[in-house]
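# Residue-level structure breakdown
The primary structure of each chain is shown beneath.
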Amino acid sequence: MDNTRGSLYMIMAMAAFTMEDMFIRLATATIPLGEILLLFGIGGTATFLVLTLRRGEVIFHKAILSKPILIRMFCELIGRMCFISALVIIPFSTASAILQATPLVVVGGAALMFGEKVGWRRWSAILFGFIGVLMVIQPGMDSFDPLSLLAVVGMLGLAGRDLATRAASSELSSMQLSTYGFFVLIPVGIILLMYSGGASVTDAKTSLYILATIACGCIAYYSLTLAMRTGEVSIVTPFRYSRMVFSLAVAMVMFGERPDWVTLTGIMIIISGGIYTLLRSRQT
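A brief report on the enclosed structure follows. Quick caveat, the model's predicted, so the values are computed rather than measured.

Criteria and thresholds
Residues numbered from 1 in each chain as written. Predicted model: local features only at pLDDT ≥ 70, side-chain atom pairs only at ≥ 80, totals over all residues. Heavy atoms only, no water. Patch = residues over 30% accessible without salt bridge, like charges linked within 9 Å, V, L, I, M, F, W, Y side chains within 5 Å. Areas by Shrake-Rupley, 256 points an atom, 1.4 Å probe, with all protein chains shown as cover. Salt bridge = Lys/Arg side-chain N within 4 Å of Asp/Glu carboxyl O. Helix = DSSP H or I, 4+ residues; strand = E, 2+ residues; numbered from the N terminus. Core = buried A, V, L, I, M, F, W, Y, C linked by side-chain atoms within 4.5 Å. Buried < 20%, exposed > 50% of the residue type's maximum accessible area, 1.4 Å probe, protein only. Contact = heavy atoms within 4.5 Å. Phe/Tyr/Trp six-rings, centres within 6.5 Å; stacked < 30°, edge-to-face > 60°. Lys NZ or Arg CZ within 6 Å of the ring centre and 35° of its normal. Axes fitted to C-alpha atoms, helices over the stretch in contact; angles between N-to-C directions. Parallel < 35°, antiparallel > 145°, perpendicular 65-115°, else oblique. Left-handed = near helix turned anticlockwise from the far one by under 90°. Nonpolar A, V, L, I, M, F, W, Y, C, P; charged D, E, K, R; others polar.

This part covers a nonpolar patch on the surface. A contiguous nonpolar patch, built from Leu112, Met113, Phe114 and Trp123 and spanning about 430 Å² of accessible area, is present on the exposed surface. For the nonpolar patch, the element with the highest residue contribution is helix H5 (residues 102-114), accounting for 3 residues. Along the chain, the position of Trp123 falls in helix H6 (residues 120-137).

Have a look at this one:
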């Protein structure tokens, strides 16, 4: 039951994350990225701050200074900043496809850090998945965009965040972890605004995009935190691949993108590796 609930939480998180990405990209048409991150961080922090206090939990728990939480915050900062930057620069489908390598990194990290059993077959699937990532990035080809490496760094940061979530003290609730996760976006947004010339006034449509981003982000973030703390990492994590289905639909319908056959083949390779990892995890 824990694995089933964890998997459903993961699918819910991936759908909400895709909607969050879509609204961020739409908002960047009129306001700078730093302003989006700042408003997103403030909105998310305020939401989970209220929810945390309503549950009678403290905000500044002593465990906030523990090594896993500090690592989690750092990974959150790097992952969010790099991936969102890539999201508004490179094609939506490409950034989303690169992010699909996150489960591969998490499964491998769970084996190395937490001692979960990952045999040679799943290690082969992880390697197979990274070949798919290379096909999406297409290094050495005319279509290669160096800025796509931002998405790779973002993916590694978010994988580190998920692993650190698993290692976090059980004394900290999902509400508290979510509060800390959104809070780190505030200083990032301020720093980016300082280098981009400051904030701009938002119109009604952009304000709705920001509110929708915060709502989807809160739902996604909390669902992901629950997923990573429910069931086995090696079983729950492969359901992150459901994000690619949602992302391709958004990329084609909302942004008119048509990924080439190399990118689509790479995506299928990544997803195949994830599905095999899931099936092998269940057998194990």
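Moving on, we come to the nonpolar core. Counting 51 residues, the largest nonpolar core has Phe23, Ile36, Ile98, Val136, Phe182, Ile210 and Ile267 as its most contacted members. Among the elements that line this core, the one with the most residues is helix H10 (residues 204-228), at 7 residues. In this view, Ile267 contacts Ala97, Val136, Met244 and Leu248; residues no more than four positions away in its chain are not counted. Formed by 16 residues, the second largest nonpolar core is a distinct cluster that contains Ala13, Met14, Ala110 and Phe239.

Within the element layout of this structure, Tyr9 appears in helix H1 (residues 2-27). Given the relative accessible area of 24%, Tyr9 is considered partly exposed. Taking C-alpha positions, Tyr9 is 8.9 Å from Thr230, a pair spaced 221 residues apart along the chain.

Glancing now at the packing of aromatic side chains. This model, assessed by the stated rule, comprises 5 aromatic pairs. Relative to Phe182, the ring of Phe40 lies with its centre 5.2 Å away and its plane at 85°, an arrangement referred to as edge-to-face. Remark: Phe182 occurs in helix H8 (residues 174-183) and Phe40 occurs in helix H2 (residues 33-54); sequence separation between them is 142 residues. Judged by relative accessible area, Phe182 falls into the buried class, the value being 0%. When the centroid spacing of 6.2 Å and the interplanar angle of 45° are considered together, the rings of Phe48 and Tyr222 count as tilted. In this pair, Phe48 is assigned in helix H2 and Tyr222 in helix H10, connecting sequence segments 174 residues apart. Looking at Tyr222, the relative accessible area reads 23%, which means it is partly exposed. Through a chain of ring-to-ring contacts, the aromatic side chains of Phe40, Phe48, Phe182 and Tyr222 assemble into a single cluster. The ring of Phe255 has Arg25 sitting right over it, with the charged end atom 5.1 Å from the ring centre. Taking the ring centre of Phe182 as reference, the NZ or CZ of Arg80 above it sits at 5.8 Å.

We now examine helix H4 (residues 92-99). An α-helical segment advances 3.6 residues per turn. Residues three or four places apart therefore align on the same side. Most of H4 is tucked away: 8 of the 8 residues are buried. The complete set of buried residues in H4 reads Phe92, Ser93, Thr94, Ala95, Ser96, Ala97, Ile98 and Leu99.

Tallied over the full model, the rule gives 6 salt bridges. Here Glu20 ties to Arg80 by a salt bridge, and the two come within 2.9 Å at their closest N and O atoms. You can see Glu20 sitting in helix H1 and its partner Arg80 sitting in helix H3 (residues 67-87), a full 60 residues away along the chain. We note a salt bridge from Arg80 to Glu76, for which the minimum N-O separation is 2.9 Å.

Bringing the packing of H2 against H10 into the picture now. Their axes nearest at 9 Å, the elements H2 and H10 cross at an angle of 55°. In this view, H2 runs oblique relative to H10, as classed from their interaxial angle. Helix-helix and strand crossings are classified by hand; for H2 and H10 the assignment is right-handed. Seen from H2, the contacting residues are Ile36, Leu39, Phe40, Gly43, Gly44, Thr47 and Phe48; seen from H10, they are Ile210, Thr213, Ile214, Gly217, Cys218 and Tyr222. Along the lines of polarity and charge, the residues of the contact of H2 with H10 split into 8 nonpolar, 5 polar and no charged.

Function-wise, these values are silent; they only describe arrangement.
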